[in-house]
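Tertiary structure, described
Single-letter residue listing:
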Amino acid sequence: ELIEKLGRYNAQDHMLMHAYPVPERNRVRTLLDFGAGHARLATLGFNDPDPTNRIDTYIVLEAIPSTYFTQLAYLQGLGLNVWEYMDHCDAELTQNDLREAIANHDVVHLPTWRHDLLPDGCVDMVACVQVLKELPGPLTGALFPIFHRLTHKTGAVYIRDHKQYHN
């Protein structure tokens, strides 16, 4: 049953993100996955059958500790070059450090509360799948200015939430 649900989610996300031809200027090279859960979008983004749809960098923002560490294990298990916040959290990091991490790693993995380290306009798409309904209303409203700051001017925000298949 879980495999069937994951397959359905993957199909929905793939179809919705590729529903129409995307001009090169709007191609998603850097994808930020807010509340990435099992990091499914990394698998979809790095392994798309069409090479022109593959991402270069996957940025994860996650707030749930157990999920955060599961994501890290999964992403490392995929053989991706992961820049991990926990390896650098003792340093005084700047947006320039993260700009460099984005340019030189497949994955940048951060806790949500360190979104401030990400440079303005650093992503082509913010994905927020099955997350907003789990957040308190005021927090949900506060996310949109953050998404706007992080997404460059020709970028996009992809949100998919529904009650089906979830409690």
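Further up the page is the structure itself.
Below or above, wherever it landed, is the structure these notes cover. (Residues numbered from 1 in each chain as written. Predicted model: local features only at pLDDT ≥ 70, side-chain atom pairs only at ≥ 80, totals over all residues. Heavy atoms only, no water.)

1. Quick word on the side chain of Glu84
Positionally, Glu84 belongs in strand E3 (residues 82-84). One buried charged residue, Glu84, forms no salt bridge at all, with the nearest opposite charge on Arg114 at 12 Å. There is a polar contact of 3.0 Å between the side chain of Glu84 and the backbone nitrogen of Met86. Dropping the residues within four chain positions of it, Glu84 is found in contact with Tyr68, Leu72 and His109. (Helix = DSSP H or I, 4+ residues; strand = E, 2+ residues; numbered from the N terminus. Buried < 20%, exposed > 50% of the residue type's maximum accessible area, 1.4 Å probe, protein only. Lys, Arg positive; Asp, Glu negative; His and termini not counted. Salt bridge = Lys/Arg side-chain N within 4 Å of Asp/Glu carboxyl O. Polar contact = N/O pair within 3.5 Å; in protein donor to acceptor, adjacent residues only side chain to side chain. Contact = heavy atoms within 4.5 Å.)

2. Regarding the pairing of strand E4 (residues 107-111)
A large share of E4 lies buried, amounting to five of its five residues. Neither face of E4 is open: one carries Val107, His109 and Pro111, the other Val108 and Leu110, and all of them are buried. By the bridge criterion, three bridges tie E3 to E4 in an arrangement that is parallel. By the bridge assignment for E4, Val82 is matched with Val107. In this view, the connection linking E3 to its parallel neighbour E4 by way of helix H4 (residues 95-104) has right-handed handedness. (Pairing = 2+ DSSP bridges. Right-handed = clockwise from strand over helix to strand, strands pointing away.)

3. Quick look at the packing of aromatic side chains
Across all of its chains, the model carries three aromatic pairs by this definition. Between the aromatic rings of Phe34 and Phe147, the centroid separation amounts to 5.5 Å while the plane-to-plane angle is 70°, which identifies the pairing as edge-to-face. Within this pair, whereas Phe34 is found in strand E1 (residues 30-34), its partner Phe147 is found in helix H5 (residues 137-150), the two being separated by 113 residues in sequence. The class of Phe34 is buried, set by a relative accessible area of 8%. For Phe147, a relative accessible area of 2% gives the class buried. Judged by centre distance (5.4 Å) and plane angle (80°), the rings of Tyr68 and Phe69 are edge-to-face. Put simply, the rings of Phe34, Phe144 and Phe147 pair up and form one aromatic cluster. (Phe/Tyr/Trp six-rings, centres within 6.5 Å; stacked < 30°, edge-to-face > 60°.)

4. With respect to unusual backbone geometry
Backbone geometry places Ala39, a non-glycine residue, at a positive phi of 60°. By the element assignment, Ala39 lies in the loop between E1 and helix H2 (40-46). A relative accessible area of 0% means that Ala39 is categorised as buried.

5. Observations concerning the pattern of salt bridges
Here the structure, examined in full by the defined rule, presents three salt bridges. Residue Arg29 is joined to Glu24 by a salt bridge in which the shortest nitrogen-to-oxygen separation is 2.1 Å. Taking the relative accessible area as the measure of exposure, Arg29 reaches 27% and is therefore partly exposed. By relative accessible area, which is 49% here, Glu24 ends up partly exposed. Residues Asp120 and Arg149 are paired through a salt bridge, measuring 2.7 Å at the closest nitrogen-oxygen approach. Highlighted residues: Asp120 in the loop between E4 and strand E5 (123-129) and Arg149 in helix H5, separated in sequence by 29 residues.

6. A closer look at H5
For H5, which comprises 14 residues, the first-to-last C-alpha distance of 21 Å matches the rise-based estimate of 20 Å (1.5 Å per residue) to within 8%. Listing the buried residues of H5 in full gives Thr140, Leu143, Phe147 and Leu150. Down the axis of H5, the sector holding all buried residues measures 75°, keeping them to one side. Every exposed residue of H5 that faces more than 90 degrees away from the buried side is listed here: Pro138, Pro145 and His148. (Expected span 1.5 Å × (residues − 1). Arc of directions from axis to C-beta.)

Read these as layout, nothing more, since geometry by itself doesn't imply function.
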